Structure formats: C-alpha cells, structure tokens
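Breakdown of the fold
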Amino acid sequence: MVGGSMATVDTFHQRLRGRFGHLTRSQQHIVSYLLSHYDEAAFLPAADLARRLNISEATVVRCARAIGFNGYPELRRSLQDLFRSRAAPPAARLRRRLATLKDGHVLLKTVDMELKYLAEVPHSVQAESFDRAVRLILKARRVFTFGLGPARLLPELLDLRLRRFGFYTVCITESGRDMLEKLALLERGDVVVAAAFFRVTPELASLLDHAATQGAPVILITDTLELPLREHAHVILAARRGPISSFHSLVVPMTIINALILAVALARPKQTMASLNLLQRLRAASGLDTLE
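Residues numbered from 1 in each chain as written. Predicted model: local features only at pLDDT ≥ 70, side-chain atom pairs only at ≥ 80, totals over all residues. Heavy atoms only, no water.

1. Describing the side chain of Thr-145
How we decide: Numbered from the N terminus, helices here are DSSP runs of H or I no shorter than four residues, and strands are runs of E no shorter than two. Remark: exposure states derive from per-residue accessible area (1.4 Å probe, protein chains only) relative to the maximum for the residue type, with buried under 20%, exposed over 50%, and partly exposed in between. Within 3.5 Å is the distance limit for a polar contact, defined as a pair of N or O atoms, with the added protein rule that one can donate a hydrogen and the other accept it, and that residues adjacent in sequence qualify only through two side-chain atoms. In what follows, residue pairs with any heavy atoms lying within 4.5 Å of each other are defined as contacts.
Tracing the backbone through its elements, the reader meets Thr-145 in strand 1 (residues 143-146). Residue class for Thr-145 comes out buried when judged on its relative accessible area of 0%. Side-chain polar atoms of Thr-145 contact the backbone oxygen of Pro-155, separated by 3.2 Å. Once residues lying within four places of it in the same chain are set aside, the contact partners of Thr-145 are Pro-155, Leu-158, Asp-159, Val-170, Cys-171, Ile-172 and Val-193.

Laid out in structure tokens, this is it:
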C-alpha cells in the first residue's frame, strides 16, 4: 500500500492532535479541517485546499511538514490510504446520505448539495486541461469512450453526441472479457475518454495499458483516482463528487461531459451542423423524423 503509514482514523487523529499545540493558528485551522474532512481533503491539491481554507499554499506545505510529513504529497498519500481503507459499501453510503435528508425537503436539499459540488468545478478542473482534452478529441481519428456501472451513462452520452456531430466513435461499457473485442480496435491516432471513480478496475487497467501500448492519449474524468493514475492519463478532469463515504450522483461529471460536447461543437460549427442536418434529412426520408 502506497504511503501506508496510517491505518486507522484513530491513529491519524492521534498523530495530528499530538502536535496540535505546537502549531500556528493557521496550521491549527488546517489540521482541524483535516480531522473533520479527511475524506474530502485526500484528493485536493495543496492549492485547492489553500483556496478552500482562504490561506496560502505555502502555509499548507509548511503545515504538512510541521505534523511530521516530508511534504504535502506524502500527507495526501496517507490521507488517500486512510480514505480507501474506510470506504463504505453502496448501501452504507446511501444510508448516510438519507440521514442528511431527514430535515427539510428532499428536492431542495438535493439541489443544494449538487450546487455545492458544481461550484467547485471551476477550481478542480483547470481550463488548460479542459482545452487540451478538447484539442485531443478534435484531432483524433476515432474517439473511444469508456465507463462501467452507473458511470456508463457518461460515455454513452458522449458517444451519442459526438457520433451525431460526425465523429467515428466506439463506446466501451462492457465488463470482463466482453470489452476486449472493442478494445482491440484501439490504435495510434485514436483518443480515449474514460470515466472512472474511486478504484482501478481490471477493465480500466487493461484499457490504460493497451492505450499506452498503442500510443493513444487518454482523457480521464475522475474524482479520486487523479494521483494514482496521473502517469497513465494525458489529461485529468477532476469531477469532485463529495466525500467517499456519501452517496454520489453523476451531476458534476455529466456537466464536464456536456461542456466537452459543446466545446467540440463550438470549435467546428460547420461540420457539426452539416452532420446534424444530414441526420435530420435521413430521418425525414425514412419516416423516422422524431424530436430528440
């Protein structure tokens, strides 16, 4: 286990509390946040944590050293190990989310929750990374989209929209050996857009390995896998979905997907409109002129 110096929440709390009295007020503010929000902080870069706490990035780095780490990366790795060891199964995550909805109207509280995470998107997704992802899609020979489980909605949406825009797309949502037939089609000149959250599945590992072998760039939309997969993805778009111990929706990653779709259309409006008009003529000629 990488950086596995902390095995339990108790040992983590003991380590931070044991040094609390020797810290500056700003450092104590950071430690208090880590103690109560370790699952959220585990995947925040130092700059994002500093912005959230309204302090300088240098203060965050000094705090990591003051509580016994070589630097902020080591602190974050320890938080991630703790985070994964405490990950709750789906039923437990849903139960915790439902507990927060008892007071007040479910619709209003859910909207408030989604707005909170959506507001973090401009801070978690760098504009340069987003623009690079758009450029990779635009110049790709084919676009492969990937996602499993509930996240399969994301690649399916991107696949549908890009195909209607005139792109050659391949959507991979199969698990196990069934995915390999499509994966075998991936070649140099293609690009992969993968949505993956929390853990590296065997399917995701196979996809990343084959993409690297073929020289196909990978755009990864994720919440918790940014650090472990940084070496395997050309672009990472961080879709923060809240604490790992809580029930997660797909609103934030879906928003990022929609932004990619619109950015691609904006970059090549003539081709996009021509493809959509052709599709509409085919529908009309075939008697399948439905509105979607």
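After that view of the structure, there is still more to cover.
2. Here's the deal with helix 4 (residues 57-66)
Where we set the bar: Here the arc refers to the directions that run from the helix axis out to each C-beta atom.
Thr-59, Val-60, Cys-63 and Ala-64 are the residues of helix 4 that are buried. Viewed along the axis of helix 4, the buried residues span an arc of 140°, placing them on a single side of the element. The positive-phi residue at the C-terminal boundary of helix 4 is Gly-68, with phi of around 105°.

3. Some details on the confidence of the model for the protein chain
So the rule is basically this: Every residue gets a pLDDT, meaning the predictor's confidence in that residue, from 0 to 100.
When pLDDT is averaged along the protein chain, the result is 83; 83% of the residues meet or exceed 70. Of all helices and strands in the protein chain, the one with the weakest mean pLDDT is helix 6 (residues 90-100) (60), whereas strand 1 scores best (98). Segment residues 1-7 is flagged for pLDDT under 50; beyond a separation of four residues in sequence, or across chains, it makes 16 contacts in the model.

4. A word on the sheet that holds strand 3 (residues 191-195)
Stated precisely, the cut-off is as follows: In this analysis, strands are considered paired if DSSP registers two or more bridges between them. Angles run from 0 to 180 degrees between N-to-C directions of axes, and those axes are lines fitted to C-alpha atoms, restricted for helices to the stretch in contact.
Taken in spatial order, the five strands make up an open sheet running 2-1-3-4-5, and their pairing is parallel. In this open sheet, the two edge strands, each paired with only one partner strand, are strand 2 (169-172) and strand 5 (235-238). The sheet shows a mean angle of 15° between the axes of neighbouring strands, direction not considered. By the bridge criterion, four bridges tie strand 1 to strand 3 in an arrangement that is parallel. Of the residues in strand 3, the one forming a bridge with Thr-145 is Val-193. Helix 10 (residues 153-164) contacts strand 1, strand 2 and strand 3 of the sheet and is inclined by roughly 165° relative to strand 2. The strands touched by helix 13 (residues 251-267) within the sheet are strand 4 (218-222) and strand 5, with strand 4 carrying the most contacts at an inclination of about 145°.

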